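Chains, contacts and geometry: an overview
Below are the chains, spelled out letter by letter.
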Amino acid sequence: MEGTTGTVTARSTLSHLEGGLSGKRYQADGLIGLDPSDQRPLLARYDLVRAASTMTRAAMASRRSGGLWRWRELLPVRDASFITYLGEGGSPLQRVRWPGLSRLLVKRESLNPTGSFKARGMAVAVSRAAELGASHLVAPSAGNAGGALAAYAAAAGVRATVIMPVDAPAVNQVEVLATGARLILLEGLISDCGRLAALIRDEAGAFDLSTFKEPYRVEGKKTMGFELAEQLDWRLPDAIVYPTGGGTGIVGMCKAFGELEAIGMIGSARPRMFSVQAEGCAPIVRAFAAGERFARQWDDAVTEAAGLRVPSAVGDFLILDCLRTSGGGAIAVPEREILEWRLRLGRLGLGYTSLETAAAAAGLNALVELGSIGEDETVVLFDTGAGYKSEPPRFDVTSPVPNDPEVWKAKVIPALR
Ligand SMILES: *Cc1c(COP(=O)(O)O)cnc(C)c1O
C-alpha cells in the first residue's frame, strides 16, 4: 500500500473487541470468532480519541487513493504489509431521477471488485485473518460472499474453502473455482452449509468467515457509511434503503455513523435506515413488525435474490436495533416486483443491476407510495451488486436478421425510423 494511499503514517487504533449483546470486553489480537460467553457477534472497538487526532475532514480530503483503506485508523489491520487491496471502496454516488423524489442518490457498490459490496467485508476480514496467522479460511455462501472470499484469499496467498447449496447461481460457483479456491456444493440449505463450515473450522483448523461469526467483515462494510458522509459533505441523508440479508451493510453503516460522531466528523443527526427483504424470506421484516428483539428463522425461504435468502441472521438484534433507533423500518417486496424493477432500473440509467438492488428499488418505491419517505427528502439507495452476478432475466429475443443489405433496407431500417 505504500505510496498509493498517502496514509502510510496512519495506523489502526483498534483497542479491543466487545460482545454485541453481552458488552463483555476481549483482547483483539488473536483469531476469535463469536463472543465466547453467548455465541453472539463481536464488534471491534477503537481508540477514538487517537483516531480523531489524525482523521480530520482535511486529512481525509488529502488522502486521494487507497479505496476503503483511506480509513486506516478505524480499520483493524495493524501492519500495512498484510493489506490485500484489489480496488475495493470509493464507489460513486450517482444522482438518479426517480418518480416522486426530488433527490435520490444511488451508491454504486456493484463497481467493487467481484461485482458486489461483499468485497469490502472480505478485503478487511481476509487481510486481518492473514495478519493474525490464519492459513485456511472457510465460509458458507449463497452467492457473492464466496466469490469475494476466493478472490481475496488468492491475493493474500491463503487457502479458501467455500460451501454453497447445490442450487447456488452458476456464476457464483464459477468465480470461486476460477480463483483456485475449493468449492463444496452441498445438497442442503445455507444453514446446512454453515454447519459444515463450523465442522471444517473445528476439525480441519480453518478460520470461519461466516457473516457475523467473526468481527471484521462488518468493519469493511462500515466504510460505506464513512464514504457516504464524506461524499455528502459530512451531512448524512434523510433515509437509506438497503437490501438486507445477513445485515452487515445496515449494521456496518450504523456503526460507522456512531464512530464518525465520536471523532467529531458529523453531528448527532442520523438517516432513517430501511431494510428491504423479499416476501419469500423476510425474517427481519416480521420481527420488526412484531416488535421483537430477535428474529425467528424463516421456513422454506425462497427468492431468486440469492443475497437476501438468509433465513436466520446471527446479527438479527444488531439489525433490528439499528432500524429502530434510526426511526426507520423494514419492508418486504413481492418476487414479481423484484424481477420487474431490475429492468426498470436499467431504463432509469443504472445499467444492468442485481436482483438484490432491484429488491431495494421495489422497496423504495413502496416506501414512497406509503408516505414513509417524503418527496423533499435526500434518499440514498444501495446498488449492492452487478447484474451479471444474478441469474439473467428471460427476454423474448427477436429472431436474427439475415446478413443481407436488401433485407436491412426493407425491414430493419423502416422499423427504426
Ligand atoms: C449479501 C448481499 C446482500 C445482503 O447484504 P447484507 O449486508 O448481508 O444484509 C445484498 N445484496 C447483494 C448483492 C449481496 O451479495
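Above this text is the structure in question.
Here goes a summary of the coordinates provided. (Residues numbered from 1 in each chain as written. Predicted model: local features only at pLDDT ≥ 70, side-chain atom pairs only at ≥ 80, totals over all residues. Heavy atoms only, no water.)

A closer look at the state of the cysteines
In protein chemistry, a disulfide is the covalent bond that joins the sulfur atoms of two cysteines. Considering all chains together, one arrives at 1 disulfide under this definition. One disulfide in the model links cysteine 254 with cysteine 322; its S-S distance is 1.9 Å. Measuring the twist about the S-S bond at about 60°, one finds the cysteine 254-cysteine 322 disulfide to be right-handed. Pair noted here: cysteine 254 is in helix H8 (residues 248–262) and cysteine 322 is in helix H10 (residues 316–325), with a separation of 68 residues, a long-range link. Residue cysteine 254 is classed as partly exposed on the basis of its relative accessible area of 23%. Residue class for cysteine 322 comes out buried when judged on its relative accessible area of 4%. Free of any disulfide, cysteine 193 has its nearest cysteine sulfur in cysteine 281, 14 Å distant. (Disulfide = S-S within 2.5 Å. Helix = DSSP H or I, 4+ residues; strand = E, 2+ residues; numbered from the N terminus. Buried < 20%, exposed > 50% of the residue type's maximum accessible area, 1.4 Å probe, protein only.)

Points about the site of the ligand
Neighbouring the ligand are 15 residues, the closest being Lys118, Gly245, Gly247, Gly249 and Thr384. Here an oxygen atom of the ligand and a backbone polar atom of glycine 249 are 2.8 Å apart. Relative to its free-state accessible area of 380 Å², the ligand is covered by the protein chains to the extent of 97%. When atom positions are compared with the pocket grids, the ligand is found to occupy the largest pocket. Those elements that place two or more of their residues in the shell around the ligand are strand S10 (239–243) and H8. (Near = heavy atom within 4 Å. Polar contact = N/O pair within 3.5 Å; in protein donor to acceptor, adjacent residues only side chain to side chain. Areas by Shrake-Rupley, 256 points an atom, 1.4 Å probe, with all protein chains shown as cover. 1 Å grid on protein atoms, 1.4 Å probe; cavity = no way out; pocket = protein on both sides within 12 Å on 5 of 7 lines; lining within 4 Å. Sits in = over half its atoms within 2 Å of the grid points.)

Side note on unusual backbone geometry
The phi dihedral of threonine 114 falls on the positive side, at around 65°, and the residue is not glycine. Non-glycine residue aspartate 300 carries a positive phi angle of around 55°. Within the fold, aspartate 300 resides in the loop between helix H9 (283–290) and H10. The exposure class of aspartate 300 is exposed, given its relative accessible area of 71%.

Concerning the packing of helix H3 (residues 118–131) against helix H7 (residues 217–231)
Interhelical geometry of H3 versus H7 gives an angle of 130° and a closest axis separation of 6 Å. Classified by the interaxial angle, the pair formed by H3 and H7 is oblique. Relative to H7, H3 is oriented so that their crossing is right-handed. Each of Lys118, Arg120, Gly121, Met122, Val124 and Ala125 in H3 lies in contact with H7, whose residues at this interface are Arg217, Glu219, Gly220, Lys221, Thr223, Met224 and Glu227. Of the residues belonging to the contact of H3 with H7, the class tally is 4 nonpolar, 3 polar and 6 charged. (Axes fitted to C-alpha atoms, helices over the stretch in contact; angles between N-to-C directions. Parallel < 35°, antiparallel > 145°, perpendicular 65-115°, else oblique. Left-handed = near helix turned anticlockwise from the far one by under 90°. Contact = heavy atoms within 4.5 Å. Nonpolar A, V, L, I, M, F, W, Y, C, P; charged D, E, K, R; others polar.)

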